[in-house]
Amino acid sequence: MPKKTKKQSKPLTGQALLTKVKTLNDLTREEKAKVCGYYKIAKSGTERINVMAFLNAVLDAEGMDLDAQGDRKKKHGGRNPTFRISVQSNGNLLVGSAYTKRMELQPGDEFEIALGRKHIHLKLKTEED
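Worth saying up front: this structure is predicted, and the values here are computed from it rather than measured.

Colleague: Where do I start with helix α3 (residues 51-62) in this structure?
Modeller: Residues lying three or four places apart along an α-helix face the same way, a consequence of the helix completing one turn every 3.6 residues. Taking 1.5 Å of rise per residue, twelve residues should cover 16 Å, and α3 covers 17 Å from first to last C-alpha, within 8% of that figure. Here the buried face of α3 lies against α1 (14-22), α2 (29-35) and β2 (47-49).

Here it is in structure tokens:
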């Protein structure tokens, strides 16, 4: 016989969420999330509380946009290339994707390696070579 599960209500949002949260001062954030409808019942019957969605909804209701970029829209996320690498413990040198993207390299591009006294030159092999 299948397990009976209680019908899950739609999570609160906006001003209704803020009003409800203010009345639940004595509860933990997990309990607040559950009361406000931010949980799911798994197939096994266990409850899964989605605290992150609850906190994001509270921030949205407060009008806070943590993803706002402002003038930073021009920049792409992630680290900036430093043009310095070090030899890894296994003896390899790893040239990261930030460098290959900047050079517009494609998978399968081949290089000729020229060793100097204290430098390495990589020469992109063209189809004529």
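Additional details are given in the paragraphs that follow.
Colleague: How should the packing of α1 against α3 be read in this particular structure?
Modeller: Put simply, α1 and α3 touch, their axes get as near as 9 Å, and they point 110 degrees apart. Relative to α3, the element α1 is oriented roughly perpendicular. Two packed elements cross with a definite hand, and for α1 against α3 that hand is left-handed. Along the contact surface, α1 presents Gly 14, Leu 17, Leu 18 and Val 21, while α3 presents Phe 54, Ala 57, Val 58, Ala 61 and Glu 62. Its residues assigned to classes, the contact of α1 with α3 shows seven nonpolar, one polar and one charged.

Colleague: Where do I start with the nonpolar core in this structure?
Modeller: With ten residues, the main nonpolar core is built from Leu 17, Leu 18, Val 21, Leu 24, Ala 33, Cys 36, Tyr 38, Phe 54, Ala 57 and Val 58. At the level of secondary structure, the elements contributing two or more residues to this core comprise α1 and α3. Excluding anything up to four places from it in sequence, Tyr 38 contacts Pro 11, Leu 12, Thr 13, Leu 17, Ala 33, Arg 48, Ile 49, Asn 50, Ala 53, Phe 54 and Ala 57.

Colleague: Would you explain the environment of Ala 16 in this entry?
Modeller: With respect to the helices, strands and loops of the structure, Ala 16 is situated in helix α1. Sequence separation between Ala 16 and Cys 36 is 20 residues; the distance between their C-alpha atoms is 9.4 Å.

Colleague: I keep staring at the side chain of Lys 32 and nothing clicks. Help me out?
Modeller: Positionally, Lys 32 belongs in helix α2. One buried charged residue, Lys 32, remains without a salt bridge, the closest side chain of opposite sign being Asp 26 at 7.4 Å. The contacts of Lys 32, once residues within four sequence positions are left out, are Leu 24, Asn 25, Leu 27 and Phe 54.

Colleague: Please clarify how the environment of Ala 114 should be interpreted in this entry.
Modeller: Position of Ala 114 among the secondary structure elements: in strand β3 (residues 111-115). Ignoring sequence-local partners within four residues, the contact set of Ala 114 consists of His 119, Ile 120 and His 121.

About the criteria used
- Residues numbered from 1 in each chain as written.
- Predicted model: local features only at pLDDT ≥ 70, side-chain atom pairs only at ≥ 80, totals over all residues.
- Heavy atoms only, no water.
- Helix = DSSP H or I, 4+ residues; strand = E, 2+ residues; numbered from the N terminus.
- Expected span 1.5 Å × (residues − 1).
- Contact = heavy atoms within 4.5 Å.
- Axes fitted to C-alpha atoms, helices over the stretch in contact; angles between N-to-C directions.
- Parallel < 35°, antiparallel > 145°, perpendicular 65-115°, else oblique.
- Left-handed = near helix turned anticlockwise from the far one by under 90°.
- Nonpolar A, V, L, I, M, F, W, Y, C, P; charged D, E, K, R; others polar.
- Core = buried A, V, L, I, M, F, W, Y, C linked by side-chain atoms within 4.5 Å.
- Buried < 20%, exposed > 50% of the residue type's maximum accessible area, 1.4 Å probe, protein only.
- Lys, Arg positive; Asp, Glu negative; His and termini not counted.
- Salt bridge = Lys/Arg side-chain N within 4 Å of Asp/Glu carboxyl O.

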